[in-house]
Amino acid sequence: MPTAGARSAASRITLTRALVALGAVLVGINVASAIWDARTDRDRTELRARRNLSNLSGLLSEQTAAALEAVDLVLRDAVRDGTTAKVAAMMPRLRDEMIHIPQVAGFLVIDADGSVVGRTNETPTIDHGFAGRAFFTAHREARDAGLFFSEPYKGGGDGTRWRFVMSRRLNTPNGAFSGVIAAVMEIENFDRLYRMIDVGEGGFINLRARDGTIITRVPDPREARGRKFPNPDISTAVEREGRFTGWTTSPILNERVLVSTVAVRGFPLEVLVGATEAAVFAPWHSEASRIFLRTVLTSAAMLALIALAAWGLARRERALQRKQRQFRAMIEHSSDGVILTRPETGIFYASPGLERMLGYTIEDLREREPYELLHPDHVEATRSRRSQMMHSPGKVVTVETMVRHKDGSWRWIENTVSNLLEEPSVRALVMNFRDITERKLADAERSRLEQRLRQAQKMEAVGRLAGGIAHDFNNILGGILGYAEMLVEQTAAGSPFKRYAQNVLTAANRARGLVDQILAYSRSQRGKRVAVDLSRIVAETLELVRGSLDPGISLEAKLPAAPLQVFGDATQLHQVVMNLCTNAIQAMGGKGTLRVTLETAEVGAERSLAHGTVVPGTYARLAVEDTGTGMDEATLGRIFEPFFTTKEVGKGTGLGLALVYGIITDASGAIDVASAPGRGTAFTIYMPRVDVAVADDDEKQGPVARGNGERVLVVDDEQPLLAVTAEVLSRLGYEPIAFSESLAALAEFEAQPGRFDAAITDEVMPGLSGTELAGVIHRRRPELPILLVSGYIGPMMSERATAAGVNEVLKKPVQSREIAAALARVLATR
């Protein structure tokens, strides 16, 4: 295994550097190969030259030997014939022999005195007196001198032709010296033979004696013929082995030459063929030049290709480095966090984004398993998914999970896991963490708002229905209440009819309360918005609740000693507390604990509750908790829907909590609900706290105010209600002028605008509505008091009425006392 240092060093070697190094190696190999080829070729060239010179010298040696043997054969035949006289007599025959031996210029027979006694022709001119010649002396003094070769000399008719002499001794019958027979040899004949061979520039052929005397040399630019150039090394090798091939220094050329010397068979001569070093290696120099040029070109091509590849790789590496920097910058500056992990080693990389997201550094996470950070509820599912991913290379899975922050809090994370264990450049599970906590909170808020919108839409739809029903019902109740009041007033006290009339009036008032409840539920009718003591209302309600509790249910109440004021309607708030306590008691099934807590709560930052939002401020917080059966998520999502109930048929209408929702939200409050099956339910209500005086509920009724014959314009499209209203006004001392159509009433008013002292009009009518009629009247007579009667009173109604010049708005059904008091108030302000 490579050491860490080696791996680190290897990691620092870029592809460009590796390619340059490879190029240098390839060029080095190419150069080394060229040197090897040149050296090998030089050796081959020398070996080839040695072989050629050796073959040529051997061939010329044999040719030379054959030519000399032919001459020596003639000389031997003459010697066998006997004395000088006999041999001289053979000259004619020898002359004929010369035709076949052109290398011989002529034969001479010399007697013991050194005089020529016979010759084949006159051509080989030779001076008389051979007694002092070396070949004559050698034969005369040595009986067994054998064949003798003289040194070359210039002779012939003009004395310019090189020749040498081959001679043998002639004896008398008793063995005494008789003379010499000599063959004058033409060196030119050998020159022609040697010149026929192309030895090339720097090549040469020598024929020489054993002592180094040059007999002939081709070419012979320095006239070396006849001169002696002994070489003991060559002579020794030739005498020992018959030939010599090798390097030596030429005494003629004064330079290094390669020579091959072969002894001429049977003669004391040598044929030497050689060439100068420059000539020997001339082919090698040409080949070496070609190799050099090839090496230069191939090396240059290699370097060019490598430079091009290195340039391309450098560009790619720079682009890769640029992309790596970009990728690293994106990873390091990304809001997402990236984790690389392997099954066997755990986490080995964590991006800076993860530290910003979860607070963990790579040192905190190194060699840990990612699921150690997960919420316990998500660990098993994560293990199962990871096990499945391990068998699916390249698989990508995205899940949402909760991860623990370093500070101990939990974050919602969208985790995209990619199985890149088989990817050579990664070999890890890549986890991309994206913080979706805000999105989850936003989704929860959106779900809550959507739920509130659905609830509001349902409430609006049912409210429209309830408002329409209440309007029609109020019109009916208006007549019942009016006539019931008149019956009560006109019937004698103590009579059965008095009791009957009173019962009708009581029932009509109960019906009126029911309509008010429906309008409060539909939010078409707002309660009286005055400061009330919520602690007093809760205490009074709990007194009623305590009296009806089952024996198995205990009530725990925690109420403040000091008043806790809020804006609202005391009756509606009483209904809220009563409905919540009634639902809690029913949920416990006769056994459990009911806890009611009222306290002051400070809210420092905006908070979103299950139903509504509280802004920073001081609140009255009412909590109603039970230990009942609780509710699941599906039920919690529908508890405020109108007519939704989980109770048995006949035990619930489904309007109780809807009424609570309508009252609290109308009072700018908010509701939070917490429940789980088997763990009970807790309702927490927040209402803004106020510090103002509490309104006095004890209103003492005085005598009914009466009129003094004032003429009152009365407009209502319901004939029965119009009749009872006119009757009531007449009984109160007013002069009613009634119209069932708003346009007819307007025409009468336009005709006599000063006739009327006040006007009472219904709101919902065909033609002109009540507010539209009031607007026209107010513009003509701004000082005329106008009363508007409507089945429901809301903010928009109040705004329209005020804009139209209406002095007061009365809610249907209207009792005679309410009409009398309102007319008295507006007429008094004229």
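Cut-offs and rules
- Residues numbered from 1 in each chain as written.
- Predicted model: local features only at pLDDT ≥ 70, side-chain atom pairs only at ≥ 80, totals over all residues.
- Heavy atoms only, no water.
- Pairing = 2+ DSSP bridges.
- Helix = DSSP H or I, 4+ residues; strand = E, 2+ residues; numbered from the N terminus.
- Axes fitted to C-alpha atoms, helices over the stretch in contact; angles between N-to-C directions.
- Left-handed = near helix turned anticlockwise from the far one by under 90°.
- Contact = heavy atoms within 4.5 Å.
- Nonpolar A, V, L, I, M, F, W, Y, C, P; charged D, E, K, R; others polar.
- Buried < 20%, exposed > 50% of the residue type's maximum accessible area, 1.4 Å probe, protein only.
- Parallel < 35°, antiparallel > 145°, perpendicular 65-115°, else oblique.
- Patch = residues over 30% accessible without salt bridge, like charges linked within 9 Å, V, L, I, M, F, W, Y side chains within 5 Å.
- Areas by Shrake-Rupley, 256 points an atom, 1.4 Å probe, with all protein chains shown as cover.
- Salt bridge = Lys/Arg side-chain N within 4 Å of Asp/Glu carboxyl O.
- Lys, Arg positive; Asp, Glu negative; His and termini not counted.
- Charge placed at Lys NZ, Arg CZ, Asp CG, Glu CD.

Engineer: I would appreciate a short explanation of the sheet that holds strand 26 (residues 711–715) in the present structure.
Structural biologist: Strands in a sheet are paired, the pairing made by backbone hydrogen bonds, and the direction either parallel or antiparallel. The parallel open sheet is built from 5 strands, whose spatial order is 27-26-28-29-30. Each edge of the open sheet is held by one strand with a lone partner, namely strand 27 (735–739) and strand 30 (808–811). Strand-to-strand, the axes of this sheet are offset by a mean angle of 20°, without reference to chain direction. Relative to strand 30, strand 29 (residues 786–790) runs parallel, the two being bridged by 4 bridges. Note on strand 30: the bridge partner recorded for V789 is L810.

Engineer: Which parts of the structure should I look at to understand the packing of helix 16 (residues 570–588) against helix 18 (residues 656–666)?
Structural biologist: Two quantities define a packed helix pair, namely the angle between the helix axes and the distance between the axes. Look at helix 16 against helix 18: their axes get within 9 Å of each other, and the N-to-C directions meet at 140°. The crossing of helix 16 and helix 18 is left-handed. Only G656, L657, L659, V660, I663 and I664 of helix 18 make contact with helix 16, whose side of the interface consists of Q572, L573, Q575, V576, N579, L580 and N583. In terms of residue class, the contact of helix 16 with helix 18 is made up of 8 nonpolar, 5 polar and no charged.

Engineer: Is there a simple way to explain the side chain of T295 in this structure?
Structural biologist: Among the secondary structure elements, T295 is positioned in helix 9 (residues 282–333). The class of T295 is buried, set by a relative accessible area of 8%. Each residue touching T295, except ones within four places of it in the same chain, is listed here: N30, V31, A34 and A300.

Engineer: Sorry if this is basic, but what is going on with the packing of helix 20 (residues 742–751) against helix 21 (residues 770–780) here?
Structural biologist: Taken N-terminus to C-terminus, the directions of helix 20 and helix 21 make an angle of 5°; their axes are 11 Å apart at the nearest point. With respect to each other, helix 20 and helix 21 are oriented roughly parallel. Contact residues: helix 20 offers S742, L746, F749 and E750, while helix 21 offers L773, V776, I777 and R780. Among the residues making up the contact of helix 20 with helix 21, the classes are represented as 5 nonpolar, 1 polar and 2 charged.

Engineer: Would you mind showing me how to read a nonpolar patch on the surface here?
Structural biologist: Residues L22, V25, L26 and I29 make up a contiguous nonpolar surface patch of roughly 340 Å² in combined accessible area. Structurally, the position occupied by I29 is in helix 2 (residues 15–81).

Engineer: Quick question: what am I supposed to make of a positive patch on the surface here?
Structural biologist: Among the surface-exposed residues, R315, R318, R322, K323 and R325 lie close enough to one another that they form a single positively charged patch. Along the chain, the position of R325 falls in helix 9. Looking at R325, the relative accessible area reads 52%, which means it is exposed.

Fair warning: the whole summary comes from geometry, so function is off the table for now.
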